[in-house]
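Structure assessment
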Amino acid sequence: MSFGRLERTTGPQPMSDINMTPLVDVMLVLVVIFILTAPLLSSAIRLDLPRAEGGSPGAVPQAVTVVVDAQGQAFLDDQPLAQGALVERLRRIGAQQPDTELQLRADAAVPYGRVVEVMDAAHRAGLARIGFVTELAKGAAAPVFGPETTAPAR
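As a convention, each chain's residues are numbered from 1 in the sequence order in which they are written. Only residues with pLDDT of at least 70 get local features here, since the model is predicted, and only at 80 or more are side-chain atom pairs given and counted; chain-wide, interface and lining totals rely on the full set of residues. The basis for every side-chain value is the complete set of heavy atoms in the structure, and neither hydrogens nor water enter the calculation.

As for the overall build of the protein
The numbering of helices and of strands both runs from the N terminus, where a helix is a DSSP run of H or I of at least 4 residues and a strand a run of E of at least 2. Within the protein, the regular secondary structure consists of three helices and seven strands. Sequence-ordered secondary structure for the protein, helices as α and strands as β, is α-β-β-β-β-α-β-α-β-β. When a residue's accessible area, from a 1.4 Å probe over protein chains only, is under 20% of the maximum for its type it is buried; when over 50% it is exposed; and in between it is partly exposed. Per-residue burial over the protein gives 25% buried out of 154 residues. For this analysis, residues touch if any pair of their heavy atoms sits within 4.5 Å. Pairs at least 24 apart in sequence give 73% of the contacts found in the protein among residues at least 6 apart. Note on areas: these come from Shrake-Rupley sampling with a 1.4 Å probe, and a residue is covered only by the protein chains present in the view. Within the structure as shown, the protein displays about 11,300 Å² of accessible surface, and the carbon and sulfur contribution to it stands at 60%.

With respect to helix α1 (residues 20-41)
What sets the pattern is the α-helix's 3.6 residues per turn: residues three or four places apart point alike. The length a helix should cover is 1.5 Å for every residue beyond the first. Counted at 1.5 Å a residue, the expected span for α1 with its 22 residues is 32 Å, and the 31 Å between its end C-alpha atoms agrees. Among the residues of α1, the N-terminal cap falls to N19, whose side-chain oxygen and the backbone nitrogen of T21 are separated by 3.5 Å. What qualifies as a polar contact is a pair of N or O atoms within 3.5 Å, subject to a donor-acceptor requirement within protein and to the restriction that residues adjacent in sequence count only when both atoms come from side chains.

So, the pairing of strand β6 (residues 129-132)
Pairing of strand β5 (residues 101-106) with β6 involves four bridges; the strand directions are parallel. Note that in β6 the partner of L104 across the bridge is F132. Two strands form a pair only when DSSP identifies at least two bridges running between them.

Quick notes on the environment of D69
Within the element layout of this structure, D69 appears in the loop between β2 (63-68) and β3 (74-76). Sequence separation between D69 and D107 is 38 residues; the distance between their C-alpha atoms is 5.4 Å. For D69, the contacting residues outside a window of four places in its chain are I45, L47, F75, D107 and V110.

Re unusual backbone geometry
A positive phi is found at D77, a non-glycine position, where the angle reads about 60 degrees. One can find D77 in the loop between β3 and β4 (79-81). Even without glycine at this site, D78 takes up a positive phi of about 60 degrees. With relative accessibility at 44%, the residue D78 sits in the partly exposed group.

Looking at the pattern of salt bridges
A pairing counts as a salt bridge when a side-chain nitrogen of Lys or Arg comes within 4 Å of a carboxyl oxygen of Asp or Glu. Tallying each qualifying case throughout the model produces five salt bridges. Notably, a salt bridge pairs R129 with E101, separated by 3.3 Å at the nearest N-O pair. Taken together, the residues R129 in strand β6 and E101 in strand β5 connect sequence positions 28 residues apart. In this structure R129 comes out as partly exposed when scored by relative accessible area, which is 31%. Residue E101 is classed as buried on the basis of its relative accessible area of 6%. Here the residues in one salt-bridge network are D99, E101 and R129, joined through shared partners.

Have a look at this one:
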C-alpha cells in the first residue's frame, strides 16, 4: 500500500519584495498637491525686503502684519488701505488687544519717511510693539533665540 512519494516539492514561495508602483503613485500625487498649494501659502504682495544679519522674529502670541510695497502703498491683511483707514483699523486692533505686535514688512525701495508714517500710525493706535521683517543676509548665520531671549522689537 503506497501513499505517494517520499520527496516533497516546495510550492511557489510568497513574494517578499515591496510593490513599488503604488508607493510611487502616492508620492507623485503628494508632490503635485504640494506644488499647487505652495504659492497659496506665501503673501500675494511681491516685495524686495532689505537684508540684515539680525534676528528673526520671536514667538509672539498675537501679531498683525502691515506691508508697504515699493510704491508706498500700505496693506493690512493683503488689503490696500489709505493712511486714515490704516490708522482707524490699527486703532480698533489696539483697542481689542493692546499687547498685539505690529510686524512691518517694507520694500527696500520705500522712502524712510513712508515707513515712519506707518510707525506713527501704529503708535497713535496704541500698538507699542513693532517688529521689522527682513531677509537674512547672504552668508550670515541664523541667530538662535531661546525661550528667555527674543528678537528686539524696536
